[in-house]
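Fold and geometry: a report
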Amino acid sequence: MTELRIAIVGFGKIARDQHLSAIAATPGATLAAVASRNASLPGLPHFATIEELLEKGPPIDAVSLCTPPQVRRAQAAAALAAGKHVMLEKPPGTGVAELDPLIAMAADAKRTLFATWHSRYAPAVEPARQWLAERRITSVHISWKEDVRVWHPGQGWIWEPGGLGVFDPGINALSILTKILPQAVFVTAAELAFPANCQAPIAAKLTLTDIGGLPISAEFDFRQTGPQSWDVLVETDQGRLTLSGGGRRMAIDGKTVAEAPDEEYRELYRRFVDLAATCASDVDLAPLRLVADAFLLGKRTIVEPFVD
Ligand code: NAP
């Protein structure tokens, strides 16, 4: 197998927390360079921008874009134009339509565009999908509540237009929802709470359904202190399924039936190596479309200013 030589672009929290160790643990993947304005790694070629990386950098096959969503489209276009495979952190864009030209570019260039949804690779998500496929689902409730000061300290971009606010984690829940349910779902109503000094919501309540009228509700909140919740509860005709810990544990009627350590990012890089081997793309926009529709339909309230 030839090694996929990858450059990380945007060396911030998620690059440090997950991408570095996942690349190191993935057969067929090698970290070859870093492009980041303010961060570098000892012993690795470093460039301030992706343009500099593509122009003057060592030979690479792929880039992994770990920058905020507002700048990723232009970076992906530059990388594809230079003949590189592209891995996108979630969310894949700041808008839905901006992905179409990138998908077309990747196809024309015979390169991979991989829009990642790391939560879909949490260990209990696939077992949950399989369990639900054989049952009649009667309702779904999502509770995704975390302390933004703990998980996103100093990340000003998250509060800017295109930063998604509480939908930055909330879209992970929607990526699980759209994976485990057998039918397409859509938003019918939303309530969005915007801090007076921010361009993105700090909390949101969504009502969703499917063609059969399945009741689905979701609560996202960035103001959670104390216990954090990343839970999906699904009632069925044969018991209640609980996915907790962001998809790491599955319980049926309160009894744990699947639980494993988090290998989400290793799975993502295994998939990226496989996709790149055949120049195939994987871009599912379903979670981003739900967020876009929540913004379209959302009733807005202004709440107290957020100070990090
Ligand atoms: P972050 O800590 O702010 O890191 C992003 C890095 O991108 C920054 O350190 C910065 O590095 C670079 N950057 C910031 N603004 C830029 C700009 N305008 N132009 C070019 N580069 C810029 O953010 P993060 O938490 O790693 O999140 C990045 C992406 O990963 C987000 O889409 C997020 O949803 C996703 N993600 C995050 C987590 C998490 O737990 N934090 C989990 C899963 C996915 P330089 O200043 O060195 O350029």
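What counts and how
Residues numbered from 1 in each chain as written. Predicted model: local features only at pLDDT ≥ 70, side-chain atom pairs only at ≥ 80, totals over all residues. Heavy atoms only, no water. Salt bridge = Lys/Arg side-chain N within 4 Å of Asp/Glu carboxyl O. Helix = DSSP H or I, 4+ residues; strand = E, 2+ residues; numbered from the N terminus. Buried < 20%, exposed > 50% of the residue type's maximum accessible area, 1.4 Å probe, protein only. Pairing = 2+ DSSP bridges. Axes fitted to C-alpha atoms, helices over the stretch in contact; angles between N-to-C directions. Contact = heavy atoms within 4.5 Å. Domains from an automatic or database assignment. Buried area = accessible area lost by both parts, 1.4 Å probe. Polar contact = N/O pair within 3.5 Å; in protein donor to acceptor, adjacent residues only side chain to side chain. Nonpolar A, V, L, I, M, F, W, Y, C, P; charged D, E, K, R; others polar.

Let's shift gears to the pattern of salt bridges. The full count for this structure, using the stated rule, is 15 salt bridges. Where D61 meets R5, a salt bridge forms, and the shortest distance between an N and an O atom there is 2.9 Å. One end of the pair, D61, is in the loop between α2 (50-56) and β4 (62-65); the other, R5, is in strand β1 (residues 4-9), with 56 residues separating them in the sequence. In this structure, K13 and D17 form a salt bridge, with 2.7 Å as the shortest nitrogen-oxygen distance. With K13 and D17 both in helix α1 (residues 13-24) and four residues apart, this pair spans about one turn of that helix. With a relative accessible area of 33%, K13 lands in the partly exposed category.

What follows concerns the sheet that holds strand β10 (residues 216-221). Within the open sheet, the nine strands sit side by side as β14-β13-β12-β11-β7-β10-β9-β8-β15. Their pairing is mixed. A strand with exactly one partner marks an edge of an open sheet, and here the two such strands are β14 (255-259) and β15 (299-303). Neighbour to neighbour, the strand axes of the sheet diverge by 15 degrees on average, direction disregarded. Both strand β7 (residues 137-145) and strand β11 (residues 229-236) contribute to a ladder of eight bridges, which runs antiparallel. The residue bridging K145 from the neighbouring strand is S229, located in β11. Contacts between helix α7 (residues 167-180) and the sheet are confined to β7, β8 (185-195), β9 (203-210), β10, β11 and β12 (239-244), with β7 contributing the most and set at about 160 degrees to the helix.

Moving on to the domain arrangement of the protein. For the protein, the domain assignment lists domain 1 (4-115) and domain 2 (119-261 + 292-303). For the pairing of domain 1 and domain 2, the buried interface totals around 820 Å² over both sides, and the portion due to carbon and sulfur atoms is 62%. Among the residues domain 1 hides against domain 2, the three largest losses belong to K13, Q70 and K90. Together they make up 52% of the total. Our count for the domain 1 to domain 2 interface comes out at one salt bridge. The partner of K90 in a salt bridge is D168, and the shortest N-O contact between them spans 3.5 Å. Scanning the region where domain 1 abuts domain 2 turns up three residue pairs in polar contact (both at pLDDT 80 or more). Per-class residue counts for the side of domain 1 that touches domain 2 are five nonpolar, two polar and two charged.

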